[in-house]
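Secondary and tertiary structure notes
Listed below are the residues making up each chain.
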Amino acid sequence: MIIQTGMRTDIPAFYSKWFLNRLREGFVLVRNPYNPCQVTKYSLSPDVVDLIAFCTKNPSPMLPFMDRLEPYGQYWFVTITPYGKEIEPNVPDKELVIESFQKLSDLVGTDCVGWRYDPIFVDAGHSTKWHISEFEKMAGALRGYTRTCVISFIDIYKKVKRNFPEAKAVSMEERTMLGKAFIEIADRNEMVIKPCAEGNDLEKYGAACSGCMTAAVFEKALHHRLHVPARKKNQRNGECACILGADIGAYDTCGHLCRYCYANADAKLVRENMKKHDPDSPFLTGGSMPGDIVHEASQKSWVDRQMQLELFPN
């Protein structure tokens with residue numbers, strides 16, 4: 001099975017010590033975000049966890065401890081965008097993140113790391129021309145360190161409206177202009193553009209629109225075939241073929257406080273939750289509560305051990 005760490009928060013950036021403790025103890029407890037008394041216990045044994053998927057804006061805190069991840073397959077998406085502190089207040093300087101990306105790629109290999117340039121929004125200070133120029137600089141710096149760049153355009157969720165009220169949806173004309181330019185730049189830098197839940201509009205220009213966290217992506221990282229249960233496939237409005245692994249994160253805990261974030265309700269709540277974090281707790285924030293009902297997840301390996309490396313040529 002696949003353990004997902006990054007759909008709700010950024011564990012490598014803010015909770016690396018906790019995560020390493022969880023690996024050492026071999027399990028994690030996760031609250032249902034919609035029914036907090038429902039708790040799922042996941043085993044983190046490499047016997048049942050085939051791959052750990054990371055989504056982060058700062059992999060640096062995990063880099064000294066990569067040996068702890070050797071028993072597991074892994075796939076990393078590192079988000080690097082050119083926005084400033086007014087949009088991404090607590091994201092490290094982009095030059096440092098690019099350097100960490102390069103080190104990460106050297107450690108795990110290009111098949112196990114992808115670049116995310118998202119979400120894309122357009123306004124007076126962030127024009128299409130500006131995006132194209134910044135994207136080209138970043139693609140040049142990441143050339144040879146990844147073969148994948150995932151892009152998406154901003155979604156105006158309720159939380160986004162609250163924290164970033166001036167944000168507007170990107171027009172179809174702007175999406176096409178940016179998509180075509182990014183595809184050309186990526187191709188020159190030996191990368192493929194993968195739109196995230198954006199339909200197939202950019203496919204005719206050379207984008208790969210089959211998904212970014214698909215079985216094929218994880219199989220290439222593992223060099224094994226996977227038998228993925230049908231229920232694990234993401235049916236996000238029919239636009240996404242990605243696999244939603246068991247997410248061990250929690251909403252309203254990401255300290256980056258990016259204004260466009262869909263996972264944080266407001267900065268005050270995030271700060272309160274981060275104060276409740278205990279690196280030794282099996283929960284990401286807080287601990288056991290009266291009324292908790294703990295359910296042990298049914299887990300097994302999805303790997304087909306008979307179909308190996310030869311199926312995945314470079």
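Relevant structure appears above.
The rules behind these values
- Residues numbered from 1 in each chain as written.
- Predicted model: local features only at pLDDT ≥ 70, side-chain atom pairs only at ≥ 80, totals over all residues.
- Heavy atoms only, no water.
- Helix = DSSP H or I, 4+ residues; strand = E, 2+ residues; numbered from the N terminus.
- Rg over C-alpha atoms; globule rule 2.2 N^0.38 Å.
- Buried < 20%, exposed > 50% of the residue type's maximum accessible area, 1.4 Å probe, protein only.
- Contact = heavy atoms within 4.5 Å.
- Areas by Shrake-Rupley, 256 points an atom, 1.4 Å probe, with all protein chains shown as cover.
- Lys, Arg positive; Asp, Glu negative; His and termini not counted.
- Charge placed at Lys NZ, Arg CZ, Asp CG, Glu CD.
- Salt bridge = Lys/Arg side-chain N within 4 Å of Asp/Glu carboxyl O.
- Pairing = 2+ DSSP bridges.
- Axes fitted to C-alpha atoms, helices over the stretch in contact; angles between N-to-C directions.
- Phe/Tyr/Trp six-rings, centres within 6.5 Å; stacked < 30°, edge-to-face > 60°.
- Disulfide = S-S within 2.5 Å.
- Parallel < 35°, antiparallel > 145°, perpendicular 65-115°, else oblique.
- Left-handed = near helix turned anticlockwise from the far one by under 90°.
- Polar contact = N/O pair within 3.5 Å; in protein donor to acceptor, adjacent residues only side chain to side chain.

**Thoughts on the overall build of the chain**
Along the chain, the regular secondary structure elements total eight helices and 12 strands. For the chain, the C-alpha radius of gyration of 19 Å lies close to 20 Å, the compact-globule estimate for 314 residues. Structurally, the chain occupies a C-alpha span of about 55 × 50 × 40 Å along its principal axes. Burial statistics for the chain: of 314 residues in total, 52% are counted as buried. Sequence-distant contacts, at least 24 apart, represent 72% of the contacts inside the chain between residues at least 6 apart. Put simply, the chain shows about 14800 Å² of open surface, and 50% of that area lies on carbon and sulfur atoms. Both charge centroids of the chain, one from 39 positive and one from 39 negative side chains, sit 4 Å from each other.

**Examining the pattern of salt bridges**
Summed over all chains, the structure comprises 13 salt bridges. Close ionic contact of Glu-25 with Arg-24 constitutes a salt bridge, the shortest N to O distance being 3.8 Å. Exposure remark for Glu-25: the relative accessible area of 40% places this residue in the partly exposed category. Linking Arg-31 and Asp-292 is a salt bridge whose minimum nitrogen-to-oxygen distance equals 2.9 Å. Here the residue Arg-31 occupies a position in strand E2 (residues 27-32), and Asp-292 occupies one in the loop between helix H8 (267-275) and strand E11 (293-296), the gap between them amounting to 261 residues. One continuous salt-bridge network, built from bridges that share partners, spans Arg-22, Arg-24 and Glu-25.

**Here's the deal with the sheet that holds E2**
Strand order in the open sheet formed by three strands is E2-E3-E11, and the pairing between neighbours is mixed. Sheet topology places E2 and E11 at the edges, where each strand pairs with a single neighbour. In this sheet, adjacent strand axes meet at a mean angle of 25° when their direction is disregarded. Bridge count between strand E3 (residues 35-43) and E11: four bridges; the pairing is parallel. Bridge pairing in E11 links Gln-38 to Ile-293.

**A few points about the packing of aromatic side chains**
As enumerated under the stated definition, the model contains 15 aromatic pairs in all. Plain terms: the ring middles of Phe-121 and Phe-164 are 5.2 Å apart, the flat faces sit at 85° to each other, and that makes the pair edge-to-face. With a gap of 43 residues between them, Phe-121 in the loop between strand E6 (113-120) and helix H4 (128-142) and Phe-164 in the loop between helix H5 (158-163) and helix H6 (172-188) connect regions that are remote in the sequence. Aromatic rings pair up to connect Tyr-83, Phe-121, Trp-130, Phe-164 and Tyr-260 into one cluster.

**Some details on the sheet that holds strand E8 (residues 192-195)**
Taking strand neighbours across the sheet as the criterion, the seven strands line up as E8-E7-E6-E5-E4-E1-E10 in an open arrangement whose pairing is parallel. This sheet does not close on itself; its edge strands, each paired only once, are E8 and strand E10 (246-247). Here E6 pairs with strand E7 (residues 148-153) via four bridges, running parallel. Each bridged residue has a counterpart across the sheet, and for Ile-120 the counterpart in E7 is Phe-153. Relative to strand E5 (residues 73-79), helix H7 (residues 215-222) is tilted by about 120°, and along the sheet it contacts strand E1 (2-4), strand E4 (51-56), E5 and E8.

**Description of the state of the cysteines**
Tallied over the entire structure, the rule returns zero disulfides. The thiol of Cys-149 is not disulfide-bonded; the next cysteine sulfur, from Cys-212, is found 11 Å away.

**Quick word on the packing of helix H3 (residues 94-108) against H4**
Contact pair H3 / H4: the axes reach a minimum separation of 10 Å and the direction vectors enclose 30°. As judged from the angle between their axes, H3 and H4 are roughly parallel. The two elements H3 and H4 cross, and the hand of that crossing is right-handed. Residues Lys-94, Ile-98, Phe-101 and Gln-102 of H3 pack against Met-138, Ala-141 and Leu-142 of H4.

**A word on unusual backbone geometry**
Cis geometry is adopted by the peptide bond preceding Pro-119, which originates at Asp-118 and carries an omega value of 0°. By the secondary structure assignment, Pro-119 is in strand E6. The phi angle at Leu-257 is positive, at roughly 60°, despite the residue not being glycine. Relative to the helices and strands, Leu-257 resides in the loop between E10 and H8.

**Things to note about the side chain of Thr-56**
Within the secondary structure layout, Thr-56 lies in strand E4. A distance of 2.7 Å separates a polar atom in the side chain of Thr-56 from a polar atom in the side chain of Asp-10. Setting aside anything within four residues of it in sequence, one finds Thr-56 in contact with Asp-10, Pro-12, Ala-13, Trp-76, Phe-77, Val-78 and Thr-79.

**Some words on the environment of Gly-26**
On the secondary structure map, Gly-26 appears in the loop between helix H2 (16-25) and E2. With 16 residues separating them in the primary sequence, Gly-26 and Tyr-42 have C-alpha atoms 8.6 Å apart. Beyond its immediate chain neighbours, meaning those up to four positions away, Gly-26 contacts Tyr-42, Ser-43, Leu-44 and Ser-45.

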